[in-house]
Amino acid sequence: MSAAKTLMSASAVLLVAATTPALAEPVMNDIKAKDSLICLVSPTAPGFSVPNSTGIFQGFNVDFCRMAAAAILGDAGKADIRGIGFSDSMKTIVAGEAHMASRSITRTGTRDADEGMVFVVTTFFDGQGFMVPKSLGVSSAAELDGSSVCAEDGSTTLLNIADWFGAQGMAYRVENIADKTARLEAFFSGKCDVYASDVTALTADRQLAPNPGDFVILPEVISNEPLTLVARPDQAFEAALFWGFQVMLNADKHGITSANIDAIVADLADQPPAVQRMFGADSATTDMAAKLGLPADWAYQIVKQVGSYGEVFDRHLGVDTPFGLNRAKTPNAAAADGGLMYPYPIR
């Protein structure tokens, strides 16, 4: 190649580099400009997301909205949490009218391929089951031949029901009701024999019955349901959500909570290197913060304002709550205890 052609090629490369825009971060920029993060949750899911007496949402899923706001804006209270129906939540994300959703949305291949939304990190591993009235007199899903099943329109529940009943060679009829309130009313009033949903959703929904003790959850779990944070596509925003969750898992691993984080930070020199990297002034998290566009103390704010993963789990779903879940006996146990919650290294 001649010197002239070489010079022209180099000039072309420089021109492309000069005119190529920096990586777009539209969602992060919008959150920062508005100083608010819009997060969608289920409007009525005890333990996961319910409004308190003053209309403020509380629950397991709500705390991941707050985690995102703490990481990005330094204030968990800047999460604008809105209750919305299942199908509408994904439509709202795709339409660009919310930044993220933290609710029982299962990550599937077809959903992953949808434009306008991205699945970021699984916060709860669940499975689908069945709830029935005690008066039905059944103790196993194998006894449900010929039953009518209330299920949610647009969810994976319908496909799971078809697969399971087909494999068992059993007949069934679906009452496909999109609105959750109407669906629960139909079931509690006896219009359906069976209510199908994720097991944790069944546990939450049973609390909404006039007399929860009149209903039982059958032992069969018929599917795998990785419930995952959903966001509008934006590399920086996705990274903030993913690594914010990893901070919560790492805090859990090292026994750090919102109650003891200040004492930990005050005596950081005596902490393990991994803890020093998370919360020290000259740490991996401050370097990550600069690259991700987050406040330097983002990891501290997540733990201080929201807590570790175990803390959040126990607060809303643990043995001292109406759910009574022993985390160690669920797939959501720490990896060290045989579960699926495996913390990525902060470094």
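Since we're looking at a predicted model, the values are computed, not measured.

## A closer look at the overall build of the chain
When helices and strands are tallied, the chain shows 14 helices and 12 strands. Its C-alpha atoms put the chain at 85 × 55 × 40 Å along the principal axes. The buried share of the chain, taken over its 347 residues, is 49%. Look at the contacts in the chain between residues 6 or more apart in sequence, and 71% of them connect residues 24 or more apart. Charged side chains in the chain number 25 positive and 39 negative. The centres of these two groups are separated by 3 Å.

## Examining the environment of K191
Tracing the chain through its elements places K191 in the loop between α7 (180–188) and β10 (194–198). Given a relative accessible area of 62%, K191 falls into the exposed group. Along the chain, K191 and S258 lie 67 residues apart, while their C-alpha atoms are 46 Å from each other. Excluding residues that lie within four positions of it along the chain, K191 makes contacts with S148 and A186.

## Quick notes on the confidence of the model for the chain
Low pLDDT marks stretches whose predicted atomic positions should not be read closely. On average, residues of the chain carry a pLDDT of 90, and 92% of them reach 70 or more. In the model, residues 1–23 has pLDDT below 50 throughout and makes 3 contacts with residues more than four positions away in sequence or in other chains.

## Notes on the side chain of N250
Relative to the helices and strands, N250 resides in helix α9 (residues 235–253). According to the relative accessible area criterion, N250 is buried, its value standing at 7%. Here the side chain of N250 touches Y344 through a polar contact of 2.7 Å, landing on its backbone oxygen. Those residues in contact with N250, other than ones at most four positions away along the chain, are M278, P343, Y344 and I346.

## A look at the nonpolar core
Among the nonpolar cores identified, the biggest contains 66 residues, and F60, I72, M100, F237, F279 and Y309 are the most heavily contacted of them. Membership of the second largest hydrophobic core comes to 15 residues, among which are F130, V149, A151 and V194.

Cut-offs and rules
- Residues numbered from 1 in each chain as written.
- Predicted model: local features only at pLDDT ≥ 70, side-chain atom pairs only at ≥ 80, totals over all residues.
- Heavy atoms only, no water.
- Helix = DSSP H or I, 4+ residues; strand = E, 2+ residues; numbered from the N terminus.
- Buried < 20%, exposed > 50% of the residue type's maximum accessible area, 1.4 Å probe, protein only.
- Contact = heavy atoms within 4.5 Å.
- Lys, Arg positive; Asp, Glu negative; His and termini not counted.
- Charge placed at Lys NZ, Arg CZ, Asp CG, Glu CD.
- pLDDT = per-residue confidence, 0-100.
- Polar contact = N/O pair within 3.5 Å; in protein donor to acceptor, adjacent residues only side chain to side chain.
- Core = buried A, V, L, I, M, F, W, Y, C linked by side-chain atoms within 4.5 Å.

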